[in-house]
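# Summary of the model geometry
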Amino acid sequence: MSTFISSLRPNLSMSLASIPRYARTFSTSPNWAIARLTLTGRLGAEPELHATSSGQEIIKYTIATSHGNRENRQTSWWRIVNFVPEGGQRDFILGLQKGTLLYVEGDAKMSTWEDSEGQNRSTLNIVQRTLEVLKRPDNSGHSDESQ
């Protein structure tokens, strides 16, 4: 058996030599990528348009995810930011209603800072990459009889 394995070794070393040194053999993602999160949850409030200190407009919104059985259900709130430019996609996101069930993929990065009282604080920042509406809230209880 060892003869068989040693006969494979030259081919194995040649195939490993052809892999570029900057590539990671265990992953297809680039080595500069940050953590990716996938969330399915309900929109906590209508998305809001904000301006950064540099003047760039961003969309901020929160998603609530829940886990556990009915007696021990826990909800986690996720703050998400989107850098989508002005146009139809931005209008679509800003038009989503509270309670909409969303599927979101985003890049996550932990940021730490010191607050005004000298306490170390940290937050998880999520930058949206993908957004899909899974279910819109049921508004059948509302009637439009103001005609």
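Residues numbered from 1 in each chain as written. Predicted model: local features only at pLDDT ≥ 70, side-chain atom pairs only at ≥ 80, totals over all residues. Heavy atoms only, no water.

## Structural notes on the overall build of the chain
Definition in use: Secondary structure elements are taken from DSSP: a helix is a run of H or I of four residues or more, a strand is a run of E of two residues or more, and numbering for both begins at the N terminus. Only protein chains enter the calculation, and the probe is 1.4 Å; a residue is then buried if its accessible area is under 20% of its type maximum, exposed if over 50%, and partly exposed in between. Here a residue-residue contact requires only that any non-hydrogen atoms of the pair lie within 4.5 Å. Using a 1.4 Å probe, accessible areas were evaluated by the Shrake-Rupley method; residue-level cover was limited to the displayed protein chains.
Assigned secondary structure in the chain consists of 2 helices and 6 strands. Starting at the N terminus and ending at the C terminus, the chain contains elements arranged as α-β-β-β-β-α-β-β. The buried share of the chain, reckoned over its 147 residues, is 20%. Contacts in the chain between residues at least 24 apart in sequence constitute 56% of all its contacts with a sequence separation of at least 6. Counting only carbon and sulfur atoms, one obtains 50% of the accessible surface of the chain, whose full area is about 11400 Å².

## Quick notes on the nonpolar core
To be explicit about the condition: We define the nonpolar core as a collection of buried residues of types Ala, Val, Leu, Ile, Met, Phe, Trp, Tyr and Cys that are connected through side-chain atoms lying within 4.5 Å of one another.
Judged by nonpolar contacts, the single largest core of 13 residues is most densely connected at Tyr 61, Ile 63, Ile 80, Leu 102, Val 104 and Leu 131. Of all the elements in the fold, those that place two or more residues in this core are strand 1 (35-43), strand 3 (57-67), strand 5 (101-114) and strand 6 (120-135). Per-element tally for this core: the top contributor is strand 3, with 3 residues. Residues in contact with Leu 131, not counting those within four places in the same chain, are Tyr 61, Ile 93, Leu 96, Leu 102, Tyr 103 and Val 104.

## With respect to the side chain of Thr 65
We count it as follows: Within 3.5 Å is the distance limit for a polar contact, defined as a pair of N or O atoms, with the added protein rule that one can donate a hydrogen and the other accept it, and that residues adjacent in sequence qualify only through two side-chain atoms.
Looking at the secondary structure, you find Thr 65 in strand 3. Owing to a relative accessible area of 14%, Thr 65 belongs among the buried residues under this scheme. A polar atom in the side chain of Thr 65 sits 2.9 Å from the side chain of Trp 78. Residues in contact with Thr 65, not counting those within four places in the same chain, are Leu 39, Thr 40, Gly 41, Gln 74, Thr 75, Ser 76 and Trp 78.

## Observations regarding the pairing of strand 2 (residues 48-51)
Stated formally: Two strands qualify as a pair provided that DSSP identifies no fewer than 2 bridges between them.
When strand 2 meets strand 3, the two strands line up antiparallel, connected through 4 bridges. Across the sheet, residue Ala 51 finds its bridge partner in strand 3, namely Glu 57. The hairpin turn running from strand 2 into strand 3, its antiparallel successor, is 5 residues long, and Gly 55 in that turn takes a positive phi close to 95°.

## Quick look at the confidence of the model for the chain
Convention followed: Scored from 0 to 100, pLDDT records how confident the predictor is in each individual residue.
Per-residue pLDDT for the chain has a mean of 80; in total, 71% of the residues score no lower than 70. Within the chain, strand 3 carries the highest mean pLDDT (94), whereas helix 1 (residues 2-17) carries the lowest (53). Scored below 50 in pLDDT, residues 143-147 shows 0 contacts in the model against residues more than four places distant or in partner chains.

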